[in-house]
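# Results of the structural survey
As a plain string of letters, each chain reads:
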Amino acid sequence: MMDDVLSADVIKKGLKTRFIGQRVLYYPSVDSTMEVARQEARRGAAEGTVIATDEQTGGRGRLKRTWLTPVGNIALSVVLYPKLSYLPSLIMLASLAVVHSIESATGLRPQIKWPNDVLINGKKVCGILIENDVQGNGVNYSIMGIGINANLRLADFPEIQTTATSLSDELGREISRLNVILHLLGEIERYYLAISAGESIYEEWRDKLVTPGKKVRVTAGETTYEGIAESVTRDGSLLLRGTDGSLTRIVAGDVTLRE
Ligand code: BTN
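Fair warning: this is a prediction, and the values are worked out from it, not measured in the lab.

### A short note on the sheet that holds strand S11 (residues 247-250)
The antiparallel open sheet is built from five strands, whose spatial order is S11-S10-S9-S8-S12. Each edge of the open sheet is held by one strand with a lone partner, namely S11 and strand S12 (254-257). The mean angle between the axes of side-by-side strands here comes to 45 degrees, regardless of whether they run parallel or antiparallel. Pairing analysis gives four bridges linking strand S8 (residues 215-220) to S12, with the strands arranged antiparallel. Among the inter-strand pairings, valine 216 is bridged to a residue of S12, identified as leucine 257.

### Observations concerning the site of the ligand
Around the ligand sit 20 residues, and of these Ser32, Gln56, Arg60, Arg62 and Lys124 come closest. The separation between a nitrogen atom of the ligand and a polar side-chain atom of glutamine 56 is 2.9 Å. Within the backbone of arginine 62, a nitrogen or oxygen atom sits 2.6 Å from an oxygen atom of the ligand. Contact with the protein chains hides 99% of the accessible area of the ligand, taken as 420 Å² for the molecule alone. Going through the elements one at a time, helix H2 (33-42), strand S3 (74-80), strand S6 (123-135) and strand S7 (138-148) are the ones with two or more residues in the shell around the ligand.

### A word on the pairing of S6
As paired strands, strand S5 (residues 117-120) and S6 are joined by three bridges and run antiparallel to one another. Its bridge partner being in S6, isoleucine 120 is matched across the sheet by lysine 123. In textbook terms, the turn of a hairpin is the stretch between consecutive antiparallel strands, and for S5 and S6 this stretch comprises two residues, one of which, asparagine 121, has a positive phi near 50 degrees. Pairing of S6 with S7, which is carried by 10 bridges, proceeds in the antiparallel orientation. Directly across from isoleucine 128, in S7, lies its bridge partner isoleucine 146.

### Topic: the domain arrangement of the chain
One frequently used descriptor of interface size is the decrease in accessible area upon assembly of the parts. When its domains are assigned, the chain resolves into domain 1 (8-206) and domain 2 (211-258). Each side of the interface is counted separately: domain 1 has 14 residues, and domain 2 has 15 residues. Among the residues of domain 1 in contact with domain 2, Lys113, Trp114 and Tyr202 are the three that bury the most area, contributing 54% of the side total. Applying the counting rule to domain 1 against domain 2 returns three salt bridges. For arginine 62, the salt bridge goes to aspartate 254, with nearest N and O atoms at 3.7 Å. Here domain 1 and domain 2 share eight residue pairs in polar contact (both at pLDDT 80 or more) between them. Listing elements by their share of the side of domain 1 that touches domain 2, those giving two or more residues are helix H3 (87-106), strand S4 (111-113) and helix H6 (202-208). Broken down by element, the side of domain 1 that touches domain 2 gets its largest block of residues, four residues, from H6. Its residues assigned to classes, the side of domain 1 that touches domain 2 comprises eight nonpolar, one polar and five charged.

### Some details on the sheet that holds strand S2 (residues 50-53)
Strands sit in the order S1-S2-S3-S7-S6-S5-S4 across an open sheet of seven strands; the sheet is mixed. The open sheet terminates on both sides in strands that have one partner only, identified here as strand S1 (24-27) and S4. Strand-to-strand twist in this sheet, taken as the mean axis angle between neighbours without regard to direction, amounts to 20 degrees. Here four bridges tie S2 to S3, and the two strands are oriented antiparallel to one another.

### Some words on unusual backbone geometry
At the junction of tryptophan 114 and proline 115, the peptide bond is cis and its omega measures out at 0 degrees in the coordinates. You can see proline 115 is positioned in the loop between S4 and S5. Here the phi dihedral of lysine 64 falls at roughly 60 degrees; this positive angle occurs in a residue that is not glycine. For lysine 64, the position within the fold is in the loop between S2 and S3. If you check the backbone angles, asparagine 121 has positive phi at about 50 degrees while not being a glycine.

Conventions and cut-offs
Residues numbered from 1 in each chain as written. Predicted model: local features only at pLDDT ≥ 70, side-chain atom pairs only at ≥ 80, totals over all residues. Heavy atoms only, no water. Pairing = 2+ DSSP bridges. Helix = DSSP H or I, 4+ residues; strand = E, 2+ residues; numbered from the N terminus. Axes fitted to C-alpha atoms, helices over the stretch in contact; angles between N-to-C directions. Near = heavy atom within 4 Å. Polar contact = N/O pair within 3.5 Å; in protein donor to acceptor, adjacent residues only side chain to side chain. Areas by Shrake-Rupley, 256 points an atom, 1.4 Å probe, with all protein chains shown as cover. Domains from an automatic or database assignment. Contact = heavy atoms within 4.5 Å. Buried area = accessible area lost by both parts, 1.4 Å probe. Salt bridge = Lys/Arg side-chain N within 4 Å of Asp/Glu carboxyl O. Nonpolar A, V, L, I, M, F, W, Y, C, P; charged D, E, K, R; others polar.

Below is the structure:
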């Protein structure tokens, strides 16, 4: 395996950011970076605090699924204190930041599958989990969790091999996780400052989505919908045109492309 030893110091030294990653906690192994980040946020950790690890033993995915994080992958969570009105943009921000960091670090060209899976050649290379603690009209904290299949041989993981890929499998060589992380944290800050300044990132996110125009199956809670993914709204919802012509607005769910 590539000599890619990460630490809080190595990450902090490489960063040119103002607040994202000014504090980094790095663990060789942890249950889930989401859990550590949540505890940090509850203690009032500085905005932009990053919790990163080489391995998660209880990695969490969206919709109560598990997330595999063997050594060689990237798993990190960022503590944020956004305004309530920023929350729809955070979902867009995270996937756009991942897309740009992968492009800059590897030259690969990822796309986004609604709401925020990052794909390369149709297979998932990154998952994003955002957990918000909302109270009334305010947000106590948001934790942005990002897991990237970096140096992972999917042949060793037959349970996800048909749906997932990794940067190393796509490139045919191992990559520098540090390089990807530095780009990623820089991009998160750039987009976060943009939305804080009132800029819209919706158009850029919409244009990177593979989903519009595709035949899809969407699972939302106990309900499954089928139809054409027509478009996405400014608040990040998916508009699905059913076979009977009806239009359904889906706020959260899981999409399978059917063609
Ligand atoms: C998904 O696609 O279901 C989301 C996966 C999110 C995984 C990341 S890895 C870092 C952070 N810690 C976790 O336990 N989950 C997120």
